[in-house]
Protein chains: 2
Amino acid sequence: MVRSIYMAGPEVFLPNARAIMEEKTRLAREAGFRAICPGDLDIPPAPTKKDFGLSISRVDEEMMLEADAIIANLTPFRGLAADVGTAFELGFMCALGKPVTAYTNVPESHYARTVAYYEGRVTRGEDGYIRGTDGLSLEDFEMIDNLMLHGGVERRGGLVAIGSAAPDALYTDLAAFRRCLAHLKDRFA
Amino acid sequence: MVRSIYMAGPEVFLPNARAIMEEKTRLAREAGFRAICPGDLDIPPAPTKKDFGLSISRVDEEMMLEADAIIANLTPFRGLAADVGTAFELGFMCALGKPVTAYTNVPESHYARTVAYYEGRVTRGEDGYIRGTDGLSLEDFEMIDNLMLHGGVERRGGLVAIGSAAPDALYTDLAAFRRCLAHLKDRFA
């Protein structure tokens, strides 16, 4: 029986999104899996922009219901944190009880990146919390992103693979992705 | 029967997180609900930072399994998009099939905020996609955030309440939150 994997990540926003998805699909096939790739490539036209967005939401959710597992690319996207669409999808698959894995191509921890966001200006208050200049507290849990994401994967025995990609290959380097595939191959063996 | 609502949002990172949660709890009670609030306030100590983070993840997931509905605060957090922990939780509750609602205290659409992120330097390519200076495409679906979040709520008949808070009340203004409460009150009536 061929298991299927939902490929979540912000690479759908790249100019060469289709090429990346094809490479992920090829690597998944090599590992014995069928890839299920989100995106708006095969969504029928809709009367309004909103309706089109709703159709993509529906199709992507149906793909997740069909998939046997997820590999979520949590590489920071347009700022400090993972793509929120990918975070939603990871939570969705966690709730469904399906095997979950995640990777990032940025080796710095969530805490280190948040300190950098505040340009180092963080202080520990009397309440014990470390806070930025805006008063918001920092998570310091040796995780790659918010604890619900990283914790949701690890608590289920899933792999959180940490890669280190060149800046121009932030969303296209697939070394950490391959480790997730290998993990799922063992998981379903 | 008193229904319970999971209160998801980045206000847990505020210095006065407890006060905000108490106010949300009070408003929920007025509307006939019991509030279930995440946070690390009642998490037992753990041997490592990682273990403590994993414990919070477990407790928060258990709270969601117990809750009858969610109100997700999707107000942008440390940048362009919603808090990724909240996005995860919204996806989790969507997958569980529980009533979902969301609000934001920033009236500008996801598209408008992303154009501002690129300081207006976005262009439509030959492939029809609008892209920023880094080549990443912009979602333009008349939604408050990524289509999986906004679409996940609307497609289920949930309310996406759009508020407009003063800058110093971005995470504490509860006008849009109250609209979500009223919506859920009707939903469960």
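To keep things clear, this report deals only with the structure shown in the data block. (Residues numbered from 1 in each chain as written. Chains lettered and ligands numbered in written order. Predicted model: local features only at pLDDT ≥ 70, side-chain atom pairs only at ≥ 80, totals over all residues. Heavy atoms only, no water.)

1. Description of the overall build of chain A
In terms of helices and strands, chain A carries six helices and seven strands. A compact globule built from 189 residues would reach a C-alpha radius of gyration of about 16 Å, and chain A, at 18 Å, matches this within 12%. Dimensions of chain A, computed from C-alpha atoms along their principal axes, come out at roughly 55 × 45 × 35 Å. Counting across all 189 residues of chain A, residues that qualify as buried make up 57%. Taking as baseline every contact in chain A between residues at least 6 positions apart, the subset at least 24 positions apart corresponds to 69%. For chain A, the distance from the average position of its 21 positive side-chain charges to the average position of its 27 negative side-chain charges is 4 Å. (Helix = DSSP H or I, 4+ residues; strand = E, 2+ residues; numbered from the N terminus. Rg over C-alpha atoms; globule rule 2.2 N^0.38 Å. Buried < 20%, exposed > 50% of the residue type's maximum accessible area, 1.4 Å probe, protein only. Contact = heavy atoms within 4.5 Å. Lys, Arg positive; Asp, Glu negative; His and termini not counted. Charge placed at Lys NZ, Arg CZ, Asp CG, Glu CD.)

2. Quick notes on the nonpolar core
Core analysis: the biggest nonpolar cluster contains 65 residues, and A:Leu90, A:Leu149, B:Leu90 and B:Leu149 have the highest contact counts within it. If sequence neighbours within four positions are ignored, A:Leu90 has contacts with A:Ile70, A:Ala72, A:Leu74, A:Val100, A:Leu149, A:Val153 and B:Phe88. (Core = buried A, V, L, I, M, F, W, Y, C linked by side-chain atoms within 4.5 Å.)

3. Examining the pattern of salt bridges
Applying the stated criterion across every chain yields a total of 24 salt bridges over all chains. A salt bridge links B:Arg155 to A:Glu61; the shortest N-O distance between them is 3.1 Å. You can see B:Arg155 sitting in the loop between α5 (147–154) and β7 (160–162) and its partner A:Glu61 sitting in helix α2 (residues 49–66), one on each of two chains. Of the residues examined, A:Glu61 reaches a relative accessible area of 3% and is grouped as buried. Because the salt bridges share partners, they merge into one network encompassing A:Glu23, A:Arg26 and A:Glu30. (Salt bridge = Lys/Arg side-chain N within 4 Å of Asp/Glu carboxyl O.)

4. Points about the pairing of strand β3 (residues 69–73) of chain A
Residues and elements named next belong to chain A. Counting buried residues along β3, five of its five residues qualify, which places the element largely inside the surrounding structure. Every second residue of β3 is oriented toward a common face, with Ala 69, Ile 71 and Asn 73 on one face and Ile 70 and Ala 72 on the other, all of them buried. The pairing of β3 with strand β4 (residues 100–104) spans four bridges and is parallel. The partner of Asn 73 across the bridge, within β4, is Tyr 103. (Pairing = 2+ DSSP bridges.)

5. Focus on the side chain of B:Thr86
Residue and element names in this part refer to chain B. Within the fold, Thr 86 resides in helix α3 (residues 84–95). Residue classification places Thr 86 among the buried residues on the basis of a relative accessible area of 0%. When sequence neighbours within four positions are dropped, the list of residues in contact with Thr 86 reads Ala 8, Gly 9, Pro 10, Ala 72, Asn 73 and Leu 74.

6. A word on the interface of chain B and chain A
Counting residues at the interface gives 61 residues for chain B and 61 residues for chain A. Both faces considered, chain B and chain A share a buried interface measuring about 5000 Å² in area, 63% of it formed by carbon and sulfur atoms. Together, B:Arg78, B:Phe88 and B:Met148 form the three largest contributors to the area buried by chain B at its contact with chain A, with a combined 17%. The interface formed by chain B and chain A holds eight salt bridges in total. The closest approach of N and O atoms between B:Lys50 and A:Glu154, which form a salt bridge, is 3.1 Å. Linking chain B with chain A are 20 residue pairs in polar contact (both at pLDDT 80 or more). Of all elements in the fold, only α2 (49–66), α3, α4 (110–117) and α5 of chain B reach the threshold of two or more residues within the side of chain B that touches chain A. No other element matches the 11 residues that α2(B) contributes to the side of chain B that touches chain A. When its residues are assigned to classes, the side of chain B that touches chain A shows 32 nonpolar, 12 polar and 17 charged. (Buried area = accessible area lost by both parts, 1.4 Å probe. Polar contact = N/O pair within 3.5 Å; in protein donor to acceptor, adjacent residues only side chain to side chain. Nonpolar A, V, L, I, M, F, W, Y, C, P; charged D, E, K, R; others polar.)

7. Some thoughts on the sheet that holds strand β2 (residues 34–36) of chain A
Residues and elements named next belong to chain A. On the basis of which strands lie adjacent, the open sheet formed by five strands has the order β2-β1-β3-β4-β7 and parallel pairing. Each having just a single partner strand, β2 and β7 (160–162) make up the two edges of the open sheet. With strand direction ignored, the average angle separating the axes of adjacent strands in the sheet is 25°. One ladder, built from four bridges, connects strand β1 (residues 4–8) with β3; its direction is parallel. (Axes fitted to C-alpha atoms, helices over the stretch in contact; angles between N-to-C directions.)

8. Observations concerning the relation of the copies chain B and chain A
The transformation that overlays chain B on chain A combines an axial shift of 0.0 Å with a rotation of 180°, and the residual RMSD is 0.0 Å. Between the two chains, the operation in question is that of a two-fold axis. Most of the interface of chain B is mirrored in chain A, where 100% of its interface residues again form contacts. (Least-squares fit on C-alpha atoms with pLDDT ≥ 70 in both.)

9. Quick look at the packing of aromatic side chains
Counted by the stated rule, this structure contains 14 aromatic pairs over all chains. Ring centres of A:Phe88 and A:Phe92 lie 6.2 Å apart, and the angle between their planes is 25°; this geometry places the pair in the stacked category. Within this pair, A:Phe88 and its partner A:Phe92 are both found in helix α3 (residues 84–96), separated by four residues, close to a single helical turn. Across this residue pair, the class does not change: A:Phe88 and A:Phe92 are buried. Geometrically, the ring pair formed by B:Tyr103 and B:Phe177 is edge-to-face, given 6.0 Å between the ring centres and 65° between the ring planes. Here B:Tyr103 is found in strand β4 (residues 100–104), whereas its partner B:Phe177 is found in helix α6 (residues 175–188), with 74 residues between them in sequence. The pair formed by B:Tyr103 and B:Phe177 is uniform in burial state, with each residue classed as buried. By way of ring pairs, the aromatic residues A:Phe13, A:Phe77 and A:Tyr171 are connected into one cluster. (Phe/Tyr/Trp six-rings, centres within 6.5 Å; stacked < 30°, edge-to-face > 60°.)

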